[in-house]
Amino acid sequence: MHITDTENLLRYAVHEVSVMNLVLPKEHGAWAMLIVPFAVGAAVYELNWLQVTLFLGWFFLYLSSYPLLMISRNQRNAVQYSKWLVIYGAIAVAFLIAPLIYYPGLLWLGAVLLPVLSVNVYFARTNGERNLFNDFTAIAGLSLGAVASGYVGSGSWHTQLILAWLYCVLFFMGSVFFVKTMIRERGSPCFHHLSWGYHAAVVMLVFFLSESWALTLAYLPSLVRSIGCTGSAMTPLQIGKLEIANSMFFMILLIKYFN
């Protein structure tokens, strides 16, 4: 093969990759909601190779939900998104086979995820994806990553897994309230007070449940930023960076608490 032939093949390969137009979820905050709970469950127990394959399956399962919701929102999207639904779904199944063989109890979490996904599909069809209940349902589903990774790490179900799930749900619902007050509900004093009340109530609830000042501290920055940032002109990028830093702080303290 001549050099020019090789160059032509490389150009063709690059062109094919460039026109693939990967379909990825646009809700950037959801990436933290996907990774942090799973990391908490994995860090509490000894990491093993099944947790790695489980995370990859969990990751592609999440990716497959996006084209599904796009199709549910508008059937005209079916041609564009069906291919990616099949691709992501097939990859997810391939990675999940081994964890399911060793830990068939994971199927119970799959049974829980079905109604969660059904709620999200319903709101996608009715153009109500900004609904707080839809946000709560999505967060509850993504936070199951803590239960799944912790179950595979420990080999059993126990209360600690449920608490890890609950603490993640409480934290990320606070993120939803905060982002809404900074963007869509910026001019709503009522929603601001609702957000402040939620964050304050969560701090008290977490201390009541855990009786741990260290874990309670994990939620204090959320309360401070929910009040202190109100009315400030922050760009979406600045809000995103703040939420990433806050999520990392929360994750470190939650892992420390369980260990």
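Because the structure is predicted, anything quoted here is derived from the model rather than measured.

Trainee: Quick one: what's the story with the nonpolar core, residue by residue and with numbers?
Mentor: Membership of the largest hydrophobic core comes to 62 residues, with the highest contact counts inside it found for Val 40, Leu 106, Phe 172, Tyr 219, Phe 250 and Leu 254. It is helix α8 (residues 159–182) that contributes the most residues to this core, 11 residues altogether.

Trainee: Describe the pattern of salt bridges, listing the residues and the values that go with them.
Mentor: Summed over all chains, the structure comprises 3 salt bridges. In this structure, Arg 73 and Glu 129 form a salt bridge, with 2.4 Å as the shortest nitrogen-oxygen distance. Of the two residues, Arg 73 sits in helix α3 (residues 49–73) while Glu 129 sits in the loop between α5 (106–125) and α6 (132–142), which places them 56 residues apart along the sequence. Given the relative accessible area of 35%, Arg 73 is considered partly exposed. Residue classification places Glu 129 among the partly exposed residues on the basis of a relative accessible area of 21%.

Trainee: I'd love a proper account of the packing of aromatic side chains, names of residues and values included.
Mentor: The full count for this structure, using the stated rule, is 25 aromatic pairs. Here the aromatic rings of Trp 84 and Tyr 88 are separated by 5.5 Å at their centres, their planes lie at 35 degrees, and the arrangement is tilted. Of this pair, Trp 84 and Tyr 88 are both found in helix α4 (residues 78–102), 4 residues apart, which corresponds to roughly one turn of the helix. Note on Tyr 88: relative accessible area 4%, which makes it buried. Seen in terms of ring centroids, Tyr 122 and Phe 123 are 5.2 Å apart; in terms of plane orientation they differ by 75 degrees. Their pairing is edge-to-face. Taken together, Trp 31, Phe 38, Phe 55, Phe 59, Phe 60, Tyr 62, Trp 84, Tyr 88 and Phe 95 form an aromatic cluster joined through their ring pairs.

Trainee: Give me the lowdown on α8, citing residues and values where you can.
Mentor: With 24 residues, α8 should cover 34 Å at 1.5 Å per step; its first-to-last C-alpha distance of 35 Å lies within 8% of that length. Of all 24 residues in α8, 17 are buried, a share of seventy percent or more.

Trainee: Quick one: what's the story with the environment of Gln 160, residue by residue and with numbers?
Mentor: Mapped onto the elements of the fold, Gln 160 is located in helix α8. Taking the C-alpha atoms as reference, Gln 160 lies 23 Å from Pro 115; in sequence the two are 45 residues apart. Every residue in contact with Gln 160, bar those within four places of it in the chain, is listed here: Val 44, Tyr 45 and Phe 258.

Trainee: Residues and numbers for the side chain of His 199, please.
Mentor: For His 199, the position within the fold is in helix α9 (residues 189–210). If we ignore the near neighbours within four places in the chain, the residues touching His 199 are Gly 174, Phe 177, Phe 178, Ser 222, Leu 223, Arg 225 and Ser 226.

Trainee: Can you break down the packing of α8 against α9 residue by residue, with the values?
Mentor: Across the interface, α8 lies against α9 with an axial gap of 9 Å and an inter-helix angle of 165 degrees. With respect to their mutual orientation, α8 and α9 come out roughly antiparallel. Handedness of the crossing formed by α8 with α9: left-handed. In this structure, α8 uses Leu 166, Tyr 167, Val 169, Leu 170, Met 173, Gly 174, Phe 177, Phe 178, Lys 180 and Thr 181 to contact α9, whose residues at the interface are Phe 191, His 192, Leu 194, Ser 195, Tyr 198, His 199, Val 202, Leu 205, Val 206, Leu 209 and Ser 210.

Trainee: Account for unusual backbone geometry, naming residues and giving values.
Mentor: Positive phi values are uncommon outside glycine, yet Asn 127 reaches one of about 55 degrees. Considering the arrangement of structural elements, one finds Asn 127 in the loop between α5 and α6. Asn 127 sits in the exposed class, given a relative accessible area of 61%. Non-glycine residue Glu 211 carries a positive phi angle of around 55 degrees. Mapped onto the fold, Glu 211 is located in the loop between α9 and α10 (213–217).

Trainee: I'd like to hear about the confidence of the model for the protein, residue by residue, with values.
Mentor: Here the protein averages 88 in pLDDT, and 92% of its residues register 70 or above. Between residues 12–19, whose pLDDT stays under 50, and residues either more than four places distant or in other chains, the model counts 0 contacts.

Trainee: Residues and numbers for the environment of Ala 164, please.
Mentor: As for its placement among the helices and strands, Ala 164 is situated in helix α8. The exposure class assigned to Ala 164 is buried, which follows from its relative accessible area of 5%. Taking C-alpha positions, Ala 164 is 9.0 Å from Leu 144, a pair spaced 20 residues apart along the chain. Sequence-distant contacts of Ala 164, that is, excluding residues within four places in its chain, are made with Val 40, Ala 146 and Phe 258.

Trainee: Now, about the environment of Met 70: what can you tell me, with residues and values included?
Mentor: Here Met 70 lies in helix α3. Met 70 sits 51 residues away from Val 121 along the chain, and the two C-alpha atoms are 9.0 Å apart. Apart from residues lying up to four places away in sequence, Met 70 is in contact with Asn 77 and Tyr 81.

Trainee: Tell me about the packing of helix α2 (residues 29–44) against α8, residues and numbers included.
Mentor: It is the contact of α2 with α8, at a shortest axis distance of 11 Å, that shows an interaxial angle of 155 degrees. Put simply, α2 runs roughly antiparallel to α8. At the point where α2 passes α8, the crossing takes the right-handed sense. Residue-level contacts link Ala 32, Met 33, Val 36, Pro 37, Val 40 and Val 44 of α2 to Gln 160, Ala 164, Cys 168, Phe 172 and Val 176 of α8. The class makeup of the residues in the contact of α2 with α8 is 10 nonpolar, 1 polar and no charged.

Reading the values: the criteria
- Residues numbered from 1 in each chain as written.
- Predicted model: local features only at pLDDT ≥ 70, side-chain atom pairs only at ≥ 80, totals over all residues.
- Heavy atoms only, no water.
- Core = buried A, V, L, I, M, F, W, Y, C linked by side-chain atoms within 4.5 Å.
- Buried < 20%, exposed > 50% of the residue type's maximum accessible area, 1.4 Å probe, protein only.
- Helix = DSSP H or I, 4+ residues; strand = E, 2+ residues; numbered from the N terminus.
- Salt bridge = Lys/Arg side-chain N within 4 Å of Asp/Glu carboxyl O.
- Phe/Tyr/Trp six-rings, centres within 6.5 Å; stacked < 30°, edge-to-face > 60°.
- Expected span 1.5 Å × (residues − 1).
- Contact = heavy atoms within 4.5 Å.
- Axes fitted to C-alpha atoms, helices over the stretch in contact; angles between N-to-C directions.
- Parallel < 35°, antiparallel > 145°, perpendicular 65-115°, else oblique.
- Left-handed = near helix turned anticlockwise from the far one by under 90°.
- pLDDT = per-residue confidence, 0-100.
- Nonpolar A, V, L, I, M, F, W, Y, C, P; charged D, E, K, R; others polar.

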